[in-house]
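# Notes for the structure review
In case you want the letters, here they are:
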Amino acid sequence: MRKILLPFLLVLLAVVLVACGSKDEDKTNGSDDKPADESTGQSAESKGLLDEVLEKGVLNVGTEGTYAPFSFHDESGKLTGYDVEVTEEVAKRLGVEAKFFETQWDAIFAGLDAKRFDVIANQVGINEERQEKYDFSQPYTRSNAVLIVHADNQDITTFDGMDGKKAAQTLTSNYGKMAESHGAEVVKVEGFNQAVDLVTSKRVDGTYNDKISALDYVKKKPDAPIQIIDEQQNGSENAFLFRQNTEDLVDEINKALDAMREDGTLKEISEKWFGEDVS
């Protein structure tokens, strides 16, 4: 009896071990699966940036914070400006909050690449070079470039007059490239205000910059020793900038901008800051 029972017990033990091993193997294989969205069956990785923004309830935005009148701090220290208000209204229409990350212009694209924020709102000009690497929303500002020089200047009268002269520019901006194209020696600055400061102190000969910013500066500082001597007629278009492959968020923001343009909100914000519609 014992001889018959022993082989039976060995077979039974082997079956139990195989069954346990199968369960453990199933558990291990399943541990690497991404959690599925209960409503759609999609993994968390397959969700687009728009879904992430809506789930967090926050749109992370890169901006300079030193670029009046678009993105700057008022006397109370509050971040404000045309770009800030447009962005806050867009976020509101998406049902989320806009959270701003203040970043110097020459580091702002790297911040977007590193996913520190979802979008840049800082009067980013649309050009072919950027379009190869990034996605843009529809434009929400249109403006011309101008050349700003010291009030005492009598030699430089056109854009071409800066050949061999020093121009204060942010290196990666359209205006920096414009200065180089006219033969100017570029002196690196962090933003518009620093560029104008170098002009007023005569440490540079001029700066190619945004007409709206220049008019706002003169309006606030009518005694500033500067003058606008030339203007580009085919103006630039500025828009929100995104990483590529975020079309879902781009499309939703475009819908918000369309609605703001249609109901007059974008014009209202524009006239508040500039006295005319620059959108």
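Conventions adopted
- Residues numbered from 1 in each chain as written.
- Predicted model: local features only at pLDDT ≥ 70, side-chain atom pairs only at ≥ 80, totals over all residues.
- Heavy atoms only, no water.
- Helix = DSSP H or I, 4+ residues; strand = E, 2+ residues; numbered from the N terminus.
- Contact = heavy atoms within 4.5 Å.
- Salt bridge = Lys/Arg side-chain N within 4 Å of Asp/Glu carboxyl O.
- Buried < 20%, exposed > 50% of the residue type's maximum accessible area, 1.4 Å probe, protein only.
- Phe/Tyr/Trp six-rings, centres within 6.5 Å; stacked < 30°, edge-to-face > 60°.

Turning to the overall build of the protein chain, a few remarks are in order. Within the protein chain one finds 10 helices and 13 strands. Taking as baseline every contact in the protein chain between residues at least 6 positions apart, the subset at least 24 positions apart corresponds to 68%.

Bringing the pattern of salt bridges into the picture now. Opposite charge on two side chains makes pairing possible when the charged atoms of those side chains draw close. Considering all chains together, one arrives at 10 salt bridges under this definition. The closest approach of N and O atoms between Glu-129 and Lys-177, which form a salt bridge, is 3.6 Å. In this pair, Glu-129 is assigned in helix α5 (residues 128-131) and Lys-177 in helix α6 (residues 174-181), connecting sequence segments 48 residues apart. Judged by its relative accessible area of 51%, Glu-129 is exposed. On the accessibility criterion, Lys-177 (35% relative accessible area) is partly exposed. Its salt-bridge partner being Asp-152, residue Lys-202 comes within 3.0 Å of it at the nearest N-O pair. With Lys-202 in the loop between α7 (192-200) and β11 (206-210) and Asp-152 in the loop between β8 (145-150) and β9 (166-169), the pair connects residues that are 50 residues apart, well separated along the chain.

Below, the discussion takes up the packing of aromatic side chains. Inspection of every chain in the model, using the stated rule, returns 12 aromatic pairs. With 5.9 Å between their ring centres and 85° between their planes, Phe-72 and Trp-273 make a pair best called edge-to-face. Residue Phe-72 is found in strand β2 (residues 72-73), and its partner Trp-273 is found in helix α10 (residues 265-274); the two are separated by 201 residues along the sequence. The exposure class of Trp-273 is buried, given its relative accessible area of 16%. Counting every residue linked through ring pairs, the aromatic cluster contains Tyr-67, Phe-70, Tyr-82, Tyr-140, Phe-240 and Phe-274.

The next thing to look at is unusual backbone geometry. Across the junction of Ala-68 and Pro-69, the peptide omega takes the value 0°, indicating a cis bond. By the element assignment, Pro-69 lies in the loop between β1 (58-63) and β2. Phi angles above zero are rare outside glycine, and Lys-115 is one such case at about 65°. Checked against the element boundaries, Lys-115 lands in the loop between α4 (105-113) and β5 (119-125). The class of Lys-115 is exposed, set by a relative accessible area of 63%. Located in the positive-phi region is Lys-202, a residue other than glycine, with phi close to 65°.

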